[in-house]
Amino acid sequence: MIVGKGSNCLFDYMGFDGCVILNRIKFLERIDSNTFRVGSGFGFNRLGILCSSKGWTGLEFAGGIPGTVGGAAYMNAGANGQETAEVVESIEIVTTEGELQRLNRMDLKFGYRLSPFQDMKDLAAIVAVTFRLKQSESARRRQIEHLERRRNSQPLGERTAGSVFRNPSNSGLSAGELIESAGLKGRRVGGAMVSNIHANFFINSGGSTSQDMLELISLVKEMVYRKCGVQLKEEVMYVQPHCNILNPNRDKSRPL
């Protein structure tokens, strides 16, 4: 399997029985005045800061996301009302047969934290992403505001895998608000704990195993469904020891 920074991955405590390749494709090139082709291993956080500081809008939200460009495309990462797919022009992939393909945005269907790559059986890796941005004098200011909001509302100094659950589309409340309303802030299973700062972040408070985290995830899902009637769906990707499919039992009912 190929990973970028693994920032939203939960590996089983037994590890992964195979080869894990870290993506280090880190180039950044300017195609024309407002189009940028970026290697999939390039830091998404770094890209957001670079583009915003130069007056390009569309990736301000990326300034606080600790993943890679490839991971952002794979998950359709987003925050503060922006999503990766909104500024994608094309994505280059390599298949399991070694074929390089360039896919145009109009041929790709994205959803909330969903991309067609998550169910693409012959995908080996995302290689590069081309972004088309617009100029804006306020891009840097918005990026700084987004980052400050993130610092004040999320446990950035703790060991987490980011948001554990997707925000439900039909409840009127975010996943974090639902977990908090169920009275689960601070709830622990072993070394895993629901953050007291943002309830959709689960912290390794010391010595947590992946089993602790999985049991806490299961407990929170059950309690939220019991008290709020909402079935939460995971955003964090669980990597099993003997399986090359991420989250093989994840919800398949949502359209791409």
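Quick caveat: nothing in here was measured; it's all calculated off a predicted structure.

Trainee: What exactly am I supposed to notice about the nonpolar core here?
Mentor: Within soluble globular proteins, side chains that are nonpolar generally end up buried alongside one another. Core analysis: the largest hydrophobic core is formed by 30 residues, its most contacted members being Phe44, Leu47, Leu59, Ile91, Phe117 and Phe131. If you list the elements that add at least two residues to this core, you get strand 5 (35-39), helix 1 (44-53), helix 2 (69-75), strand 9 (88-95) and strand 11 (123-132). Not counting residues within four places of it along the chain, the set of residues in contact with leucine 47 comprises Leu28, Val38, Phe42, Leu59, Val69 and Phe131.

Trainee: Can you help me understand a positive patch on the surface in this one?
Mentor: Taken together, the side chains of Lys5, Arg24, Lys26 and Arg46 make up a positively charged region of the molecular surface. Topologically, lysine 5 is positioned in the loop between strand 1 (2-3) and strand 2 (9-11). The exposure class of lysine 5 is exposed, given its relative accessible area of 55%.

Trainee: Where do I start with the pairing of strand 5 in this structure?
Mentor: On a regular strand, one side chain projects to one face of the sheet and the next to the other, so that they alternate. Counting buried positions along strand 5 gives four out of five residues, so the element sits mostly inside the fold. In terms of strand pairing, strand 4 (residues 28-32) meets strand 5 through four bridges, oriented antiparallel. Of the residues in strand 5, the one forming a bridge with glutamate 29 is arginine 37. Between strand 4 and the antiparallel strand that follows it, strand 5, lie two residues. Across five bridges, strand 5 lies against strand 11 in antiparallel orientation. Bridge pairing in strand 11 links phenylalanine 36 to phenylalanine 131.

Trainee: I tried to follow the environment of threonine 68 on my own but got confused; where do I start?
Mentor: With respect to the helices, strands and loops of the structure, threonine 68 is situated in the loop between strand 6 (56-57) and helix 2. Sequence-distant contacts of threonine 68, that is, excluding residues within four places in its chain, are made with Gly4, Lys5, Ser40, Gly41, Phe42, Gly43 and Phe44. Here the side chain of threonine 68 touches glycine 71 through a polar contact of 3.2 Å, landing on its backbone nitrogen.

Trainee: In this structure, what is going on with the environment of leucine 100? I would like to understand it.
Mentor: Tracing the backbone shows leucine 100 in strand 10 (residues 100-104). Under the relative-accessibility criterion, leucine 100 is labelled exposed at 57%. It is 9.7 Å that separates the C-alpha atoms of leucine 100 and isoleucine 126, two residues lying 26 residues apart in sequence.

Trainee: Which parts of the structure should I look at to understand the packing of aromatic side chains?
Mentor: The geometry of an aromatic ring pair is captured by the separation of the ring centres together with the interplanar angle, meaning the angle of the planes. Scanning the entire structure with this criterion turns up three aromatic pairs. When the ring of phenylalanine 44 is compared with that of phenylalanine 61, the centres are 5.7 Å apart and the planes differ by 65°; the resulting orientation is edge-to-face. A residue pair is termed long-range when its members are at least 10 positions apart, and phenylalanine 44 in helix 1 and phenylalanine 61 in the loop between strand 6 and helix 2 qualify at 17 residues. Residues phenylalanine 44 and phenylalanine 61 agree in their burial class; the two are buried.

Trainee: Can you walk me through the sheet that holds strand 10 in this structure?
Mentor: Adjacent strands of a sheet form backbone hydrogen bonds with each other and so pair up, either parallel or antiparallel. Read across the open sheet, the five strands follow the order 4-5-11-9-10; overall the sheet is antiparallel. If you trace the sheet from one side to the other, it starts and ends with strand 4 and strand 10, each paired once. The average angle at which neighbouring strand axes cross in this sheet is 25°, direction not considered.

Trainee: I tried to follow the sheet that holds strand 15 (residues 202-204) on my own but got confused; where do I start?
Mentor: Pairing is antiparallel across the open sheet formed by three strands, whose spatial order is 13-14-15. Unpaired on one side and paired on the other, strand 13 (188-189) and strand 15 mark the two borders of the sheet.

Trainee: How do you make sense of the pattern of salt bridges when you look at a structure like this?
Mentor: When charged atoms on two side chains of opposite charge get close, those side chains can pair. Applying the stated criterion to the full structure yields eleven salt bridges. The salt bridge involving glutamate 235 is made with arginine 113; its shortest N-O contact spans 3.8 Å. Linking glutamate 235 in the loop between helix 5 (210-228) and strand 16 (237-239) with arginine 113 in the loop between strand 10 and strand 11, this pair joins segments that are 122 residues apart in sequence. Comparing glutamate 235 with arginine 113 shows no difference in burial state: the two are buried. Residues arginine 141 and glutamate 145 are paired through a salt bridge, measuring 3.0 Å at the closest nitrogen-oxygen approach. On the criterion of helical spacing, the pair formed by arginine 141 and glutamate 145 is a turn pair, its members being four residues apart in helix 3 (residues 139-153).

Trainee: Got a minute to help me understand the confidence of the model for the protein chain in this structure?
Mentor: Interpretation of the predicted coordinates at a detailed level should be avoided for regions scoring low in pLDDT. Of all residues in the protein chain, 95% have pLDDT values of 70 or greater, and the mean over the chain is 91. This stretch, residues 247-256, has a pLDDT under 50; its non-local contacts, to residues over four places away or in other chains, come to 20 contacts.

Criteria and thresholds
Residues numbered from 1 in each chain as written. Predicted model: local features only at pLDDT ≥ 70, side-chain atom pairs only at ≥ 80, totals over all residues. Heavy atoms only, no water. Core = buried A, V, L, I, M, F, W, Y, C linked by side-chain atoms within 4.5 Å. Buried < 20%, exposed > 50% of the residue type's maximum accessible area, 1.4 Å probe, protein only. Helix = DSSP H or I, 4+ residues; strand = E, 2+ residues; numbered from the N terminus. Contact = heavy atoms within 4.5 Å. Patch = residues over 30% accessible without salt bridge, like charges linked within 9 Å, V, L, I, M, F, W, Y side chains within 5 Å. Areas by Shrake-Rupley, 256 points an atom, 1.4 Å probe, with all protein chains shown as cover. Salt bridge = Lys/Arg side-chain N within 4 Å of Asp/Glu carboxyl O. Lys, Arg positive; Asp, Glu negative; His and termini not counted. Charge placed at Lys NZ, Arg CZ, Asp CG, Glu CD. Pairing = 2+ DSSP bridges. Polar contact = N/O pair within 3.5 Å; in protein donor to acceptor, adjacent residues only side chain to side chain. Phe/Tyr/Trp six-rings, centres within 6.5 Å; stacked < 30°, edge-to-face > 60°. Axes fitted to C-alpha atoms, helices over the stretch in contact; angles between N-to-C directions. pLDDT = per-residue confidence, 0-100.

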